[in-house]
Amino acid sequence: MPNRILISTLLLLAALITGCAKPIIPNQELPPALLSLEQEKQRSLALTEQLKRRQRVMNISFPLMVAAADFCADKVKPSLGISFSNKEGIDKSYRDTAIQDLGLGDALQVILVAEGSPAATAGIAAGDVLVSVDDKPFKSGKKAGASVKALLASLKAGQPVDLVVARADKTITVEITPSQICDYPILISNQDTVNAYANGRQIILTKGLLRFSEQDSDLALVIAHELAHNAFGHVPKIVKNAFTGVAVDLLAFGFGIPSPAAFTITGANLHRQQFEAEADHIALYILARSGQPIDHAADFWRRVAAEYPDQIDKNIGASHPSSPERFLAIESTVKIIKEKRRRGDPLWPEGLNKKSLNKLNLGKKSDGQ
Ligand SMILES: [Zn+2]
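If you're wondering where the values come from, they're calculated on a predicted model, not measured in any experiment.

## Section: the overall build of the chain
Then, number 1: Of regular secondary structure, the chain possesses twelve helices and twelve strands.
Then, number 2: Restricting to contacts in the chain with at least 6 residues of sequence separation, those with at least 24 account for 68%.
Then, number 3: Accessible area of the chain: about 20200 Å², with a carbon and sulfur share of 56%.

## Structural notes on the nonpolar core
Then, number 1: Counting residues in each nonpolar core, the largest one holds 62 residues, and the members touching the most others are L64, F71, L205, L227, L284 and I286.
Then, number 2: Tallying contributions element by element places helix α7 (residues 216-231) first for this core, with nine residues.
Then, number 3: Excluding residues that lie within four positions of it along the chain, I286 makes contacts with L64, A67, A68, F71, A224, L227 and A228.
Then, number 4: Residues V110, V113, A119 and A122 belong to the second largest nonpolar core, which totals 22 residues.

## Observations concerning the state of the cysteines
Then, number 1: The final tally for this structure, using the stated rule, is one disulfide.
Then, number 2: A disulfide bridge connects C72 with C182, and the sulfur atoms are separated by 2.1 Å. An S-S torsion of about 95° defines the bridge between C72 and C182 as right-handed. Taken together, the residues C72 in the loop between α2 (32-67) and β1 (76-79) and C182 in strand β8 (residues 179-182) connect sequence positions 110 residues apart.
Then, number 3: A residue is classified by how much of its surface remains accessible, and C72, at 0% relative accessible area, is buried.

## Here's the deal with the packing of α7 against helix α9 (residues 272-289)
Then, number 1: One way to put it is that α7 packs onto α9 with a least axis distance of 7 Å and a crossing angle of 120°. The pairing of α7 with α9 is recorded here as oblique in orientation. As α7 runs across α9, the sense of the crossing is right-handed. Across the interface between the two elements, A220, L221, A224, H225, L227, A228 and H229 from α7 touch F275, E276, A279, D280, I282, A283, L284, I286 and L287 from α9.
Then, number 2: Among the residues making up the contact of α7 with α9, the classes are represented as twelve nonpolar, two polar and two charged.

## Points about helix α11 (residues 323-343)
Then, number 1: Compared with the 30 Å implied by 1.5 Å per residue over 21 residues, the 30 Å span of α11 between its first and last C-alpha is a close match.
Then, number 2: Among the residues of α11, those classed as buried are S323, R326, F327, I330, T333, V334, I337 and K340. One side of α11 carries all its buried residues, which in axial view fall inside an arc of 145°. Exposed and oriented more than 90 degrees from the buried face of α11 are L328, K335, R342 and R343.
Then, number 3: Lining the buried residues of α11 we find α7, α9 and α10 (299-307).
Then, number 4: Of the residues flanking the end of α11, it is G344, one or two places downstream, whose phi is positive at about 75°.

## Description of the environment of L151
Then, number 1: Inspection of the secondary structure assignment puts L151 in helix α5 (residues 144-153).
Then, number 2: Separated by twelve residues in sequence, L151 and K139 have C-alpha atoms that sit 10.0 Å apart.

## A few points about the pattern of salt bridges
Then, number 1: In this structure the tally under the stated criterion is 16 salt bridges.
Then, number 2: Notably, a salt bridge pairs D106 with K87, separated by 3.8 Å at the nearest N-O pair. Here the residue D106 occupies a position in the loop between α3 (92-102) and β3 (109-113), and K87 occupies one in the loop between β2 (82-85) and α3, the gap between them amounting to 19 residues.
Then, number 3: Among the residues examined, K87 registers a relative accessible area of 27% and is labelled partly exposed.
Then, number 4: For R343, the salt bridge goes to E339, with nearest N and O atoms at 3.3 Å. Here E339 and R343 lie together in helix α11, a separation of four residues that amounts to about one turn.
Then, number 5: A residue is classified by how much of its surface remains accessible, and E339, at 28% relative accessible area, is partly exposed.
Then, number 6: In the salt-bridge network here, residues are joined through shared partners; they are E339, R342, R343 and D345.

## Examining unusual backbone geometry
Then, number 1: The phi torsion at A73 lies on the positive side, around 45°, for a residue other than glycine.
Then, number 2: Counting through the fold element by element, A73 comes out in the loop between α2 and β1.
Then, number 3: A positive phi angle, close to 65°, is found at D135, a residue other than glycine.
Then, number 4: Within the secondary structure layout, D135 lies in the loop between β4 (129-133) and β5 (136-137).

## Concerning the environment of M58
Then, number 1: Structurally, M58 is set in helix α2.
Then, number 2: By relative accessible area, M58 is classed as buried at 16%.
Then, number 3: Considered as a pair, M58 and I186 are 128 residues apart in the sequence and their alpha carbons are 8.6 Å apart.
Then, number 4: Excluding its chain neighbours within four sequence positions, the residues that come into contact with M58 are G81, I82, S83, L112, V113 and A114.

## What about the packing of aromatic side chains?
Then, number 1: Using the criterion set out here, one finds five aromatic pairs in the structure.
Then, number 2: With 6.2 Å between their ring centres and 85° between their planes, F212 and F300 make a pair best called edge-to-face. Of this pair, F212 sits in helix α6 (residues 207-212) while F300 sits in helix α10, and the two are 88 residues apart along the sequence.
Then, number 3: In this structure F300 comes out as buried when scored by relative accessible area, which is 0%.
Then, number 4: Of the aromatic side chains, those joined through ring pairs into one cluster are F212, F300, W301 and Y308.
Then, number 5: When the ring centre of F71 is taken as origin, the NZ or CZ atom of R289, which lies over that ring, is 5.1 Å away.

Rules and cut-offs
Residues numbered from 1 in each chain as written. Predicted model: local features only at pLDDT ≥ 70, side-chain atom pairs only at ≥ 80, totals over all residues. Heavy atoms only, no water. Helix = DSSP H or I, 4+ residues; strand = E, 2+ residues; numbered from the N terminus. Contact = heavy atoms within 4.5 Å. Areas by Shrake-Rupley, 256 points an atom, 1.4 Å probe, with all protein chains shown as cover. Core = buried A, V, L, I, M, F, W, Y, C linked by side-chain atoms within 4.5 Å. Buried < 20%, exposed > 50% of the residue type's maximum accessible area, 1.4 Å probe, protein only. Disulfide = S-S within 2.5 Å. Axes fitted to C-alpha atoms, helices over the stretch in contact; angles between N-to-C directions. Parallel < 35°, antiparallel > 145°, perpendicular 65-115°, else oblique. Left-handed = near helix turned anticlockwise from the far one by under 90°. Nonpolar A, V, L, I, M, F, W, Y, C, P; charged D, E, K, R; others polar. Expected span 1.5 Å × (residues − 1). Arc of directions from axis to C-beta. Salt bridge = Lys/Arg side-chain N within 4 Å of Asp/Glu carboxyl O. Phe/Tyr/Trp six-rings, centres within 6.5 Å; stacked < 30°, edge-to-face > 60°. Lys NZ or Arg CZ within 6 Å of the ring centre and 35° of its normal.

Written out as structure tokens, the structure is:
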């Protein structure tokens, strides 16, 4: 660091002595009004892209969150499969754009609806304004966010409710039955590195991972893997093994794809590879229980290996198994699951005791939707 300061100081001195270099062609004068219009246009494009990414993740993750509910013990919640907001819930830098593009105001409005969710089945659409649920009105303004979370949390999975929404000056009442889903919200980080993390409370996917996972089935495999880490309490277990309570917030389970700025974990890697293998194994059960095809799930690791050959060699000290190990283990799990299906057996992992899941699942209650 001192070297950097020294170099910067020398460069500054040299510039002062020799005079600043200037470009040959003078810069154009840009009219401030046009610049601000173009800024708004680009913010609008960025918001559209963000919503597209979130819609894709919602569509892929919703059935997985439902299928994994039996593994998530008490970290479950009733869900309609919508994301919603009013203008207060939007980050200030995008608030004007959201007001302009989505017509957001003080009242809560549906922003996205997950495909195949209770809301989609009931005909709820983006843009619908939330009015009431079972005659209890949704609040608007600054307090809307907290009140709606409490209201939706009070619903019971499997028990139908009357949801009233306003759509183009009409009031529509629909009967809607919430689904039980795992309560591990998914966040999309702006990082361009290819990775995903589970921190015991949430799942974080990078923008780079969404690009890399061109096929939705690849993204489903990654989400199911991270979901398994959270459901099986891997984060607190590793903390217990490695730090005995220190640096909890620094710890997260990555997916194991090396990229230049990948999250690194210091400390003991005791049982980490086994936890990774367990997450891969459970992920396949989650995918199968959600009705997704699993025959080609292992191919993901061949695509990873082609892009990141460092993954091919076995490394005993590494936190993750190698890509050939992960490919073969997934292939083997697929065989086991297909055999269970053929016999009509429940899609439940061998050796997993349902009663022990409550102890496995140690994540704190989150407040995400
Ligand atoms: Zn992992």
